[in-house]
Amino acid sequence: PKFGPRPVDRYDHEILFTDRYIGQLLDYVWSSPRGRNTVVALCGDSGFLHTGLSGLVDAARANAPLLVLILDNGTTALSGGQPHPGSALDARGALRPSVDLVGLAREAGARHVELVDLDAGADVGPALAKGLDYPGVAVVVVRGQCQPSS
């Protein structure tokens, strides 16, 4: 579908995009041998930094069967594209060191952490398979820019 130029239109596009790919992800997870016994959590990079990190620490301490997918687009996309601590720019547009999500996940206790760079043409499938097969907490950081609205 076509969406307009207003901010709410971008939000609608992102919801449609996310819904489409979550369905594909769940099909993939459920077809995996460990998929029915592993919790899969999806979060954006901003959401992970604001609310997901403490849950990852707790899950790692408990060695929970958990695969966390952090969707890293370097911005807080759904609420207007604001920067966050993982962004390369601050709110004024100045260059700042960004939080290393891969390193942070490792420091939180995840023993299997992998980065997939979609912008470089990487395929997320093998990382998902390894994460689902890992007997504990696994994190896959999926890095890439949001698809433009059409």
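In this text, all values refer to a predicted model and were calculated from it rather than measured experimentally. (Residues numbered from 1 in each chain as written. Predicted model: local features only at pLDDT ≥ 70, side-chain atom pairs only at ≥ 80, totals over all residues. Heavy atoms only, no water.)

K.L.:
Would you take a moment to explain unusual backbone geometry for this structure?
P.N.:
The phi dihedral of Asn 63 falls on the positive side, at around 50 degrees, and the residue is not glycine. Topologically, Asn 63 is positioned in the loop between helix H2 (45-62) and strand E2 (66-72). Under the relative-accessibility criterion, Asn 63 is labelled partly exposed at 49%. (Helix = DSSP H or I, 4+ residues; strand = E, 2+ residues; numbered from the N terminus. Buried < 20%, exposed > 50% of the residue type's maximum accessible area, 1.4 Å probe, protein only.)

K.L.:
Whenever I open this one, the environment of Val 140 confuses me. Can you help?
P.N.:
On the secondary structure map, Val 140 appears in strand E4 (residues 137-143). Taking the relative accessible area as the measure of exposure, Val 140 reaches 0% and is therefore buried. Distance from Val 140 to Val 124, taken between C-alpha atoms, is 8.7 Å for residues 16 residues apart in sequence.

K.L.:
Would you mind going over the pairing of strand E3 (residues 112-117) with me for this structure?
P.N.:
For a regular strand, side chains alternate in direction, first toward one face of the sheet and then toward the other. Pairing geometry for E3 and E4, over 6 bridges, is parallel. Residue pairing in the sheet places Glu 114 in a bridge with Val 140 of E4. The parallel pair E3 and E4, bridged by helix H4 (residues 125-133), forms a crossover whose chirality is right-handed. (Pairing = 2+ DSSP bridges. Right-handed = clockwise from strand over helix to strand, strands pointing away.)

K.L.:
Looking at this structure, I do not really get the nonpolar core. What am I missing?
P.N.:
When a protein is soluble and globular, its nonpolar side chains tend to lie buried together. Membership of the largest hydrophobic core comes to 18 residues, with the highest contact counts inside it found for Phe 48, Leu 56, Val 68, Ile 70, Val 137 and Val 139. Mapped by element, the contributors of at least two residues to this core are H2, E2, helix H3 (101-107) and E4. In terms of residue count, H2 provides more of this core than any other element does, 5 residues in total. Among residues more than four places away in sequence, those in contact with Val 68 are Ala 41, Cys 43, Leu 56, Ala 138, Val 139 and Val 140. In terms of nonpolar packing, the next biggest core, distinct from the first, is built from 10 residues, Val 29, Leu 69, Leu 132 and Ala 138 among them. (Core = buried A, V, L, I, M, F, W, Y, C linked by side-chain atoms within 4.5 Å. Contact = heavy atoms within 4.5 Å.)

K.L.:
Would you explain the pattern of salt bridges in this entry?
P.N.:
Pairs may arise between side chains of opposite charge once their charged atoms sit close together. Taken as a whole and judged by the stated rule, the model has 2 salt bridges. With a shortest N-O distance of 2.8 Å, Arg 143 and Asp 72 are connected by a salt bridge. Here Arg 143 is found in strand E4, whereas its partner Asp 72 is found in strand E2, with 71 residues between them in sequence. Look at Arg 143 and you get partly exposed, because its relative accessible area is 31%. (Salt bridge = Lys/Arg side-chain N within 4 Å of Asp/Glu carboxyl O.)

K.L.:
Whenever I open this one, the confidence of the model for the protein chain confuses me. Can you help?
P.N.:
Reading predicted coordinates in detail is not appropriate for stretches of low pLDDT. A residue-level look at the protein chain finds 83% of positions with pLDDT of 70 or above and a mean pLDDT of 82. For the protein chain, per-element mean pLDDT is lowest for helix H1 (residues 7-31), which scores 71, and highest for H3, which scores 95. (pLDDT = per-residue confidence, 0-100.)

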